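Coordinates in review
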Amino acid sequence: MKRVVVTRRGARRWAAGHPWIYQSDVEREPEPREPGVVEVLDPRERCLGSALYSPHSEIRVRMLTRERETIDRAWWTARLAAAHNRRAGIAATAYRVTHAEADGVPSLVVDRYGPYLAAQLLSAGLESCRPDILAALSDVLRPDGIILRNDAPVRRHEGLPQTVEVVLGSVPDVVEVEEHGVRYRAALHTGQKTGAFLDQRENRALAGSLARGQALDVFTYHGSFALHMAGGADRVLAVDRSAEALERGRQNAELNELTNIEWIEANAFDYLRELEREAARFDAIVLDPPAFARTKERVESALAGYKELNLRALTLLQPGGHLLTFSCSYHVGRERFMTMLADAARDCGRRVAVERLLGQPLDHPEILSVPESGYLKGSLLRATD
Ligand code: SAH
């Protein structure tokens, strides 16, 4: 096995439970510098375990084990089976099977959509294990097809190409799945992420349970929250700027025999301003924007964007109305998110109760020693007057 020697600081990071060792903490790298599985040693040449090695990435090493181990098909099968067992009892046919670092399989995301898998191999080191991983996925999950959604931009940091390929069986363009009694179609080849935003599943059920009267779903994608809210509300306005996603939203509404959703193709900021001008009022509003802060440098401008959205949404609430609001920016922590909401409530002059703090579902585990595994935060708010 090839060997990598890391600094004391790098070794301490792994001792504290974080699997990443940065380029600046690597003292000696293998020659030739090819991606693959390596043995990692501390400066005194004591073994720290086996790891994935990415020669072009700032994250050079992703630790897999605490001992030197052979990382073969059987190893991947055991890790994936353990991750899958932790998902027992999920009330949906679409869910995340592995949440990368948080499931001990760094840079490997696997989402299940009924009998199909959509996976992402997000590091060069991991790519070198591709045949074993695919064989292990077949052993553990027996899928009808596997699609690799390797078109994620982070692959660029690894020197990897952006590709989408079906690597096992066949995978249809859209796959119908079910979550908490709602059916929807996910576009596995072309949709965002791996086809759907699986991390909001439980929050969508919550939105469904409290929807009534007039409801508004901003950043609806293919109708995700709207479909759940349409059961309890008289009318739902579903807003997104993607015509393609909205078209699937319409099909999803049909699939569930729902006729009370209006689909609006618009920029959310403009549309909320328009609703405010019209003095529209809603009993339930969902705000689920994309990540505004993709880097630390963008946090301030992201917070300004989040605040504008939330201020407008709070203004649009009926007395007693609910707002479910989210941020999926890792760099905007929960504390700053809550401060932003407090600022928005103050500026609109309303008394707002925090009824619940919201986060990721159990199939997107958040590991305390790996803060990057937690990114989604939200809150259920209620305008009390
Ligand atoms: N709520 C969805 C996920 C939303 S992801 C779910 O639970 O599945 C963010 C969505 O915001 C994407 O569908 C994207 O098309 C849309 N979007 C991004 N910027 C936008 C903008 N300025 N105005 C309206 N929609 C936007």
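Refer to the structure above for everything that follows.
The text that follows walks through the structure, step by step, so that each part is easy to find.

Definitions and cut-offs
- Residues numbered from 1 in each chain as written.
- Predicted model: local features only at pLDDT ≥ 70, side-chain atom pairs only at ≥ 80, totals over all residues.
- Heavy atoms only, no water.
- Helix = DSSP H or I, 4+ residues; strand = E, 2+ residues; numbered from the N terminus.
- Contact = heavy atoms within 4.5 Å.
- Near = heavy atom within 4 Å.
- Polar contact = N/O pair within 3.5 Å; in protein donor to acceptor, adjacent residues only side chain to side chain.
- Areas by Shrake-Rupley, 256 points an atom, 1.4 Å probe, with all protein chains shown as cover.
- Nonpolar A, V, L, I, M, F, W, Y, C, P; charged D, E, K, R; others polar.
- Salt bridge = Lys/Arg side-chain N within 4 Å of Asp/Glu carboxyl O.
- Buried < 20%, exposed > 50% of the residue type's maximum accessible area, 1.4 Å probe, protein only.
- Pairing = 2+ DSSP bridges.
- Axes fitted to C-alpha atoms, helices over the stretch in contact; angles between N-to-C directions.
- Parallel < 35°, antiparallel > 145°, perpendicular 65-115°, else oblique.
- Left-handed = near helix turned anticlockwise from the far one by under 90°.
- Core = buried A, V, L, I, M, F, W, Y, C linked by side-chain atoms within 4.5 Å.

**Focus on unusual backbone geometry**
In the segment running from glutamate 31 into proline 32, the intervening peptide bond is cis, with an omega of -10°. Along the chain, proline 32 turns up in the loop between β3 (26-28) and β4 (36-41). Here the phi dihedral of histidine 180 falls at roughly 45°; this positive angle occurs in a residue that is not glycine. Inspection of the secondary structure puts histidine 180 in the loop between β12 (174-179) and β13 (182-187).

**With respect to the environment of alanine 92**
Along the polypeptide, alanine 92 turns up in the loop between α2 (73-85) and β7 (94-99). Residues alanine 92 and leucine 309, spaced 217 residues apart in sequence, show a C-alpha to C-alpha distance of 30 Å. If we ignore the near neighbours within four places in the chain, the residues touching alanine 92 are Glu178, Glu179 and Arg201.

**Examining the site of the ligand**
Around the ligand there are 17 residues in total, and Arg204, Ser224, Asp240, Ala268 and Asp288 lie nearest to it. The side chain of glutamine 192 places a nitrogen or oxygen atom 3.3 Å from an oxygen atom of the ligand. Calculation on the ligand without its partners gives an accessible area of 580 Å², and the protein chains cover 95% of this total. Among the residues forming the shell around the ligand, the class breakdown is 7 nonpolar, 6 polar and 4 charged.

**Some thoughts on the pattern of salt bridges**
According to the stated counting rule, one finds 36 salt bridges in the structure shown. Residue glutamate 158 pairs with arginine 62 through a salt bridge whose shortest N-O separation is 3.1 Å. Placement of glutamate 158 in the loop between β10 (145-150) and β11 (163-169) and of arginine 62 in strand β6 (residues 59-63) is noted, with a sequence separation of 96 residues between them. Each member of the pair, glutamate 158 as well as arginine 62, carries the same accessibility label: buried. Between aspartate 103 and arginine 87 there is a salt bridge whose closest N-O contact spans 2.6 Å. One end of the pair, aspartate 103, is in the loop between β7 and β8 (108-113); the other, arginine 87, is in the loop between α2 and β7, and 16 residues separate them in sequence. Overall, the relative accessible area of 4% leaves aspartate 103 in the buried class. In this structure arginine 87 comes out as buried when scored by relative accessible area, which is 4%.

**Quick look at the sheet that holds strand β15 (residues 235-240)**
Through backbone hydrogen bonds, the strands of a sheet pair up, either in parallel or in antiparallel fashion. Reading across from one edge, β16-β15-β14-β17-β18-β20-β19 is the order of the 7 strands in this open sheet, with mixed pairing throughout. Both outer strands of the open sheet, β16 (261-265) and β19 (352-358), are each paired with one neighbouring strand and no more. Neighbour-to-neighbour, the strand axes of this sheet turn through a mean angle of 15°, independent of strand direction. Looking at chain direction, strand β18 (residues 317-327) and strand β20 (residues 377-383) are connected through 6 bridges and run antiparallel. Across the sheet, histidine 322 pairs through a bridge with arginine 382, a residue of β20. Against the sheet, helix α8 (residues 268-277) contacts β14 (214-218), β15, β16 and β17 (282-287), and its axis sits at roughly 155° relative to β14. Together, β18, β19 and β20 form the strand contacts of helix α10 (residues 334-348), whose direction differs from that of β20 by roughly 25°.

**Some words on the packing of helix α9 (residues 299-316) against α10**
As a packed pair, α9 and α10 sit with axes 9 Å apart at the nearest point and diverge in direction by 45°. Comparing the axis directions of α9 and α10 gives the class oblique. Classified by chirality, the crossing of α10 by α9 is right-handed. Contacts between α9 and α10 pair Val299, Glu300, Leu303, Tyr306, Lys307, Asn310, Leu311, Leu314 and Thr315 from the former with Arg336, Met340, Leu341, Asp343, Ala344, Ala345, Arg346, Asp347 and Cys348 from the latter.

**Thoughts on the pairing of β20**
For β20, a buried count of 6 out of 7 residues is recorded, marking the element as mostly surrounded by other parts of the structure. Sheet topology places β19 next to β20; 6 bridges connect them, and they run antiparallel. Bridging across to β20, valine 352 finds its partner in alanine 383.

**Remarks on the nonpolar core**
Ranked by internal contacts, the top residues of the largest apolar core, which has 40 residues, are Tyr113, Tyr184, Leu188, Met229, Val236, Ile261 and Leu324. For this core, the element with the highest residue contribution is helix α6 (residues 224-229), accounting for 4 residues. Not counting residues up to four positions away in its chain, the partners in contact with leucine 324 are Asn203, Leu206, Ala207, Leu210, Ile285, Val286, Leu287, Leu358, Ser379 and Leu380.

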